[in-house]
Number of protein chains: 2
Amino acid sequence: MEHAPTGHAADDAPGPANYVPLSPVSLLHRAADIYPSKIAVIDGERRFSYTEFRARCCRLASALVARGIGRGDTVAVLAPNTSAMLEAHFGVLMAGAVLNAINIRLDAPTIAYCLRHGKARILLADTEFAALTRAALAQLDAPPPVVDIHAEGFDAHISDTTYEALLSGADPAFRGPGAQDEWQTVSLLYTSGTTGNPKGVLYHSRGAYLNALSNALITGLTPECVYLWTLPMFHCNGWTYPWAVTAVGGTHVCLRKIDAGAIFELIERERVTHLHGAPVVLNLLIHAPAEQKRPITHRVDIGVGGAPPPSRVIADMERLGVHVTHLYGTTETYGPSAICAWQTDWHTQPADAQARLRARQGVRMLAQEDIQVVDTLSGQPVPADGETLGEVLLRGNAVMKGYLDNRDATATALADGFYHTGDLAVRHADGYFEIRDRAKDIIISGGENIASIEVEEALYQHPDILEAAVVAAPDARWGEVPCAFITLREGATLSPEAIQQFCRERLAHFKSPRHILFGPLTKTATGKVQKFALRAQARAHVDATTGVPS
Amino acid sequence: MEHAPTGHAADDAPGPANYVPLSPVSLLHRAADIYPSKIAVIDGERRFSYTEFRARCCRLASALVARGIGRGDTVAVLAPNTSAMLEAHFGVLMAGAVLNAINIRLDAPTIAYCLRHGKARILLADTEFAALTRAALAQLDAPPPVVDIHAEGFDAHISDTTYEALLSGADPAFRGPGAQDEWQTVSLLYTSGTTGNPKGVLYHSRGAYLNALSNALITGLTPECVYLWTLPMFHCNGWTYPWAVTAVGGTHVCLRKIDAGAIFELIERERVTHLHGAPVVLNLLIHAPAEQKRPITHRVDIGVGGAPPPSRVIADMERLGVHVTHLYGTTETYGPSAICAWQTDWHTQPADAQARLRARQGVRMLAQEDIQVVDTLSGQPVPADGETLGEVLLRGNAVMKGYLDNRDATATALADGFYHTGDLAVRHADGYFEIRDRAKDIIISGGENIASIEVEEALYQHPDILEAAVVAAPDARWGEVPCAFITLREGATLSPEAIQQFCRERLAHFKSPRHILFGPLTKTATGKVQKFALRAQARAHVDATTGVPS
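Definitions and cut-offs
Residues numbered from 1 in each chain as written. Chains lettered and ligands numbered in written order. Predicted model: local features only at pLDDT ≥ 70, side-chain atom pairs only at ≥ 80, totals over all residues. Helix = DSSP H or I, 4+ residues; strand = E, 2+ residues; numbered from the N terminus. Rg over C-alpha atoms; globule rule 2.2 N^0.38 Å. Buried ≥ 20, exposed ≤ 12 C-beta atoms within 10 Å, placed from the backbone. Contact = placed C-beta atoms within 7 Å. Least-squares fit on C-alpha atoms with pLDDT ≥ 70 in both. Pairing = 2+ DSSP bridges. Axes fitted to C-alpha atoms, helices over the stretch in contact; angles between N-to-C directions. Left-handed = near helix turned anticlockwise from the far one by under 90°. Nonpolar A, V, L, I, M, F, W, Y, C, P; charged D, E, K, R; others polar. Domains from an automatic or database assignment. Expected span 1.5 Å × (residues − 1). Core = buried A, V, L, I, M, F, W, Y, C linked by C-beta atoms within 7 Å. pLDDT = per-residue confidence, 0-100. Parallel < 35°, antiparallel > 145°, perpendicular 65-115°, else oblique.

Asker: Go over the overall build of chain A with me, naming the residues and quoting the values.
Answerer: Looking only at helices and strands, chain A features 17 helices and 25 strands. Computed over C-alpha atoms, the radius of gyration of chain A comes to 24 Å, within 12% of the 24 Å expected from 2.2 N^0.38 for 550 residues, which places it in the range of a compact globule. Buried positions account for 55% of the 550 residues belonging to chain A. Long-range pairs, those at least 24 residues apart, make up 69% of the contacts in chain A between residues at least 6 apart in sequence.

What follows is the structure, given as structure tokens:
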């Protein structure tokens, strides 16, 4: 049969009636049109309806545009999870500009680096962070103008312009240029960068919209959802949930500080249905003092990501009455790219086996087209045997544009048609992948690979261990050996020998930690253990005990 | 402040790692990867897992490509809601071709017109429609090759090639070219066209994907959903639900024929959670004989569209134990473009007021960017007064590419950056719009506009009236007057005078039907009353009773 083109495929180019660049801003306009008087945002004593929330976002956009800020210009925000931070997620985009949400736990030199490298045209800064802001600005030759977001209880001033004054002088009905094409940059996020300078991840408007829709659908958001902001919005734009929750017309509940008592209280009072965070947030809730805990009597879904949750943490959370789903993602992929999707036959498994199944990273979200685990040398997919390690690669519409002003790093990260995560995983027979380690966190002992996560998982099974992290320590004979850092539960005592014995009953001997150190773990703002810092401590420990510098 | 472009917006063009053309095919691959052994399709005695379903779709694509069919080529399907029809919704797209799902209720000359005008390269035909297919093919100079989809109980043959033989010889692991760009045409659908030849509506891949996601999110589909196919897939590709249900990994339940007993049985046996249809389907369920009805004990969501559901029909359905949502759309906009979204304060309204609120067309779905109701002369939005009539205009990513080989009709339909629906509506104070009539269905009596729907709504309040339709009849004095066509409930008797009296108690006198005719209503395949046919009957009635041809 000869192919005879009918010619109709080429007809009819896109036009304004049937083509609209994908933008999260559309989601706010729809919610405000449909649910004008519904509560969009709760921030302490303040409650904004969707009409008010949209008006505030439009005012912000109008004020930015009036200051000459537009496409390609960076608007930096240094703030915790407040209404202003949510407003920036729409207002900055309405102005056609680029939102740079800065991690509030960074030090002043790093913040100065971000402002300089990102060419911030303006900085909106919460007054709780006035001292930090001033210290960062002092390091810049040409600091951007600052707008104070006044925080209750923090009366310090950084600037003469306040956020509320900026809004009050602006147009609540402003309809900005928005995204003129969907490849336009809408967000700039600096990776925490354990070595060297942080890299500036650029998000395109298309990915922001599609990832928000994918998240809303796959994590079951509805117009009745009430979302508690335990996840920092400066982390992957809160995994795109400022846009996802708004897509369904749900309610945002702001939270300035992670505090177990406040979280339990808000869950009860506002009838929170969804919240997200790193395992550290879950640990905080599990180990909260009894007087802070409150019974959870309605359905609450917690998505946990940023680090693999030990299966015991999942089991403990479920005992508190919430449903835990494990999500996996990276800054470069707009947050959650994989979900440990529930399979109905898991119901028949014993609780421990279930928790283990659910601690895996899982399968791709809708906005990712493909997830592969490939051999780092051959580039070929590893067998689905649950054992062979490979690097996790992602491809899809929710992958970053690239790194700002860093073509080499972009080319490396997006080589061969995939984003290379640097995470090492196995693929299980059911297709679910499970991270074993960051490529740089793997411990190579006598030629054998030890996944630090596997050792941590064993340690977490001990009832007296609150937190555990395992890194490589140098060893004259084996090259590297596992070194465990342990935080015990309050009141517990445990000897290194008892811990080693406990591990040897559960792991191959060479995987059991050779060195054990007690104390709090060094963490990033998002609750990730800073293994590079622990590795330095491990090295110092070995040097001190052997007397030989490694 | 001077605008100083930072230059980073233009960096980093899309590449294979971060840009994938939006296509419904991606949704099937994800579902099959994640839920390989879950039931995707139930069709009578046959049950296909997602692995099997994908394999069958890939086989179909492989067979089509092997026959030289590819981008821009039309694959016509004449079939009811079977597994083969679902498979065509993915397999044809995998091959990069254009699916033309043909209405099985059309007559042979119209089907012949569609095959000729659409340049069908191949026709897959269900053997229940063998005679119809043969009659249509007989009218073509160069009929396309036919593949028989064998239907149980219908042993007629049209061709020597059967669908199952086609699949069995093909590659279950085939990965076709798919959509190479997202503006590629994936579907061709002929409008029922009450006058003149039907027009061929072209869907782009981008709109199919986005409308499916929008529908899945806004109508609350989850991986646990079980979708009963009461809505014909040849109608707007089943409102994009073949793709939406697959997006979440739900289960499709096929249905060859609309039959109240079968529907009640499947709802109970398969625990159906969602179904869609025209008001006629709801009427069928409401008035089913008692022995066919079964109690509905789990949550069932019914979306009703294609025609505005009389508020009594909504109320009656809720008494059967299902939740009704009113959807509105057109073939040109991929089916549902608006939803009568529930507002929490409606709970406080009495049942009648609630049903009236819920019979309105509502507010836009996510994939529509804007819905306007504009004055047909000035093009300006009508006031939100619930009274002023205007035409409904739509704009967004789920608007067709255009009409096949009909640039004039395309230019008219998509003029001024909007799709012009031809539907007349009012806008209520809460922003919800409510269709009063098709532009051509309005009755103009003594210079006053009468919306036929308003008169029908009054008639439906009468307990003895099963169905009602109102059209214009010519009148020497008033120009036009309302003429009502009435179907009474079984066993009921009612005089024209009693009906007129009933209406005058509820409507302005000039809106009350002048003429009343009893009997079954002429309808299209999708349950829409064919008002053009009723108008002809009304004209004939007036001619006969006055003795003067109108």
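Next comes the rest of the write-up.
Asker: Requested: an account of the relation of the copies chain B and chain A, with residues and values cited.
Answerer: Least-squares fitting of chain B to chain A yields an RMSD of 0.1 Å, with the transformation described by 0.0 Å of translation along the axis and a rotation of 180 degrees. The transformation just described matches what one would write down for a two-fold rotation axis. Nearest to the rotation axis, the C-alpha of Leu217 of chain B is located 2.6 Å from it, this being the minimum over chain B. Of all interface residues in chain B, 100% are interface residues in chain A too; the two copies therefore contact each other through one and the same surface.

Asker: I'd like a rundown of the sheet that holds strand E20 (residues 433-438) of chain A, residues and numbers included.
Answerer: Residue and element names in this part refer to chain A. Taken together, 4 strands build an open sheet; the order of strands is E16-E17-E19-E20 and the sheet is antiparallel. Each edge of the open sheet carries a strand with a single partner, namely strand E16 (368-374) and E20. If you compare each strand with its neighbour and ignore which way they point, the axes differ by 45 degrees on average.

Asker: So what's going on with helix H4 (residues 108-117) of chain B? Which residues, and what values?
Answerer: Listed in full, the buried residues belonging to H4 of chain B are Ile111, Tyr113, Cys114 and Leu115 of chain B. On its buried side, H4 of chain B packs onto strand E3 (74-78), strand E4 (98-101), strand E5 (120-126), helix H5 (130-137) and strand E7 (185-190) of chain B.

Asker: Summarise the sheet that holds strand E1 (residues 39-43) of chain A; cite the residues concerned and give the values.
Answerer: Residue and element names in this part refer to chain A. On the basis of which strands lie adjacent, the open sheet formed by 9 strands has the order E2-E1-E10-E9-E11-E12-E13-E14-E15 and mixed pairing. The open sheet has two edge strands, strand E2 (46-49) and strand E15 (363-364), and neither has a second partner. Where strand E9 (residues 226-228) meets strand E11 (residues 274-277), 2 bridges bridge the pair, whose relative direction is parallel. Considered in E11, the bridge of Tyr227 is made with His274. Sitting on the sheet, helix H3 (residues 83-94) touches E1, E2 and strand E10 (251-253), and the angle it makes with E1 is about 140 degrees.

Asker: Residue-level account of the packing of helix H1 (residues 24-34) of chain B against helix H2 (residues 50-66) of chain B, with values.
Answerer: Helix packing geometry: the angle between the two helix axes and the distance between the axes. Residues and elements named next belong to chain B. The N-to-C vectors of H1 and H2 enclose an angle of 145 degrees; their axes lie 8 Å apart at closest approach. With respect to the hand of their crossing, H1 and H2 are arranged in left-handed fashion. For the pair H1 and H2, contact is made by Leu28, Ala31 and Ala32 and by Tyr50, Thr51, Arg54 and Cys57, respectively. Residues that form the contact of H1 with H2 fall into these classes: 5 nonpolar, 1 polar and 1 charged.

Asker: Tell me about the pairing of strand E14 (residues 335-339) of chain B, residues and numbers included.
Answerer: Residue and element names in this part refer to chain B. Of all 5 residues in E14, 5 are buried; the element is thus mostly enclosed. Where strand E13 (residues 323-330) folds back onto E14 in an antiparallel hairpin, the turn is made up of 4 residues, including Tyr334, whose phi is positive at roughly 60 degrees. Relative to strand E15 (residues 363-364), E14 runs antiparallel, the two sharing 2 bridges. Residue pairing for E15: Ile339 is matched across the bridge by Val363.

Asker: Describe the environment of Tyr203 of chain A, with residues and values.
Answerer: Residues and elements named next belong to chain A. Inspection of the secondary structure puts Tyr203 in strand E8 (residues 200-204). In this structure Tyr203 comes out as buried when scored by C-beta crowding, with 27 C-beta atoms within 10 Å. Separated by 34 residues in sequence, Tyr203 and Asn237 place their C-alpha atoms 9.8 Å apart. What Tyr203 contacts, discounting residues up to four positions off in sequence, is Thr185, Val186, Ser187, Ala208, Tyr334 and Met400.

Asker: So, the domain arrangement of chain A: which residues are in play, and what are the values?
Answerer: Along its sequence, chain A is carved into domain 1 (20-33 + 43-205) and domain 2 (443-546). For domain 1 of chain A and domain 2 of chain A, the distance between their C-alpha centroids amounts to 40 Å.

Asker: Break down the interface of chain B and chain A for me, with residues and values.
Answerer: Counting residues at the interface gives 60 residues for chain B, matched by 60 residues for chain A. Of all the elements, H1 of chain B adds the most residues to the side of chain B that touches chain A, at 4 residues. Taken together, the residues that form the side of chain B that touches chain A break down as 25 nonpolar, 21 polar and 14 charged.

Asker: A description of helix H2 (residues 50-66) of chain A should follow, citing residues and the corresponding values.
Answerer: All names here are of chain A. Between its terminal C-alpha atoms H2 stretches 24 Å, which fits the 24 Å expected from 17 residues at 1.5 Å a residue. Counting buried positions along H2 gives 12 out of 17 residues, so the element sits mostly inside the fold. The elements touched by buried residues of H2 are helix H1 (24-34), E1, E2, strand E3 (74-78), H3 and helix H6 (163-168). Gly68, located one to two residues past H2, shows a positive phi value of around 80 degrees.

Asker: Run through the nonpolar core, naming residues and quoting values.
Answerer: Note on soluble globular proteins: their nonpolar side chains tend to be buried together. Counting residues in hydrophobic clusters, the biggest one holds 357 residues, and the most contacted among them are Val75, Val77 and Leu124 of chain A together with Val75, Val77 and Leu124 of chain B. Here this core spans two domains, and each of domain 1 (20-33 + 43-205) and domain 2 (443-546) of chain A adds at least three residues to it.

Asker: Would you mind going over the confidence of the model for chain A in detail, with residue names and values included?
Answerer: All names here are of chain A. Looking at chain A as a whole, its pLDDT mean stands at 91, while 95% of the residues score no less than 70. A low-confidence stretch, residues 1-10 stays under pLDDT 50, and its non-local contacts, those more than four residues away or across chains, total 20 contacts. On the interface metric, ipTM, the complex scores 0.86, and its pTM is 0.87.

Asker: Summarise the environment of Val313 of chain A; cite the residues concerned and give the values.
Answerer: Residue and element names in this part refer to chain A. Looking at where Val313 falls in the secondary structure, it is placed in helix H12 (residues 311-319). For the pair formed by Val313 and Phe433, sequence separation is 120 residues and the distance between their alpha carbons is 19 Å. Here Val313 is in contact with Pro279, Leu282, Asn283 and Ile286, once residues within four sequence places are set aside.

Asker: Talk me through unusual backbone geometry; I want residue IDs and the actual numbers.
Answerer: Here the phi dihedral of Asp416 of chain A falls at roughly 60 degrees; this positive angle occurs in a residue that is not glycine. For Asp416 of chain A, the position within the fold is in the loop between helix H14 (407-413) and strand E19 (419-427). On the basis of neighbour counts, which here come to 11 C-beta atoms within 10 Å, the residue Asp416 of chain A falls in the exposed class. Although it is not a glycine, Tyr334 of chain B adopts a positive phi angle of roughly 60 degrees. Its place among the elements puts Tyr334 of chain B in the loop between E13 and E14. The exposure class of Tyr334 of chain B is buried, given the 32 C-beta atoms found within 10 Å.

Asker: Residue-level account of the packing of H2 of chain B against helix H3 (residues 83-94) of chain B, with values.
Answerer: All names here are of chain B. Direction vectors running N to C along H2 and H3 enclose 45 degrees, while the axes themselves pass 8 Å from each other. Relative to H3, the element H2 is oriented oblique. The hand of the H2/H3 crossing is right-handed. When H2 is examined against H3, the residues Arg56, Cys57, Cys58, Leu60, Ala61 and Leu64 are found in contact with a partner set consisting of Glu87, Ala88, Phe90, Gly91, Val92 and Met94. When grouped by side-chain class, the residues that make up the contact of H2 with H3 number 9 nonpolar, 1 polar and 2 charged.

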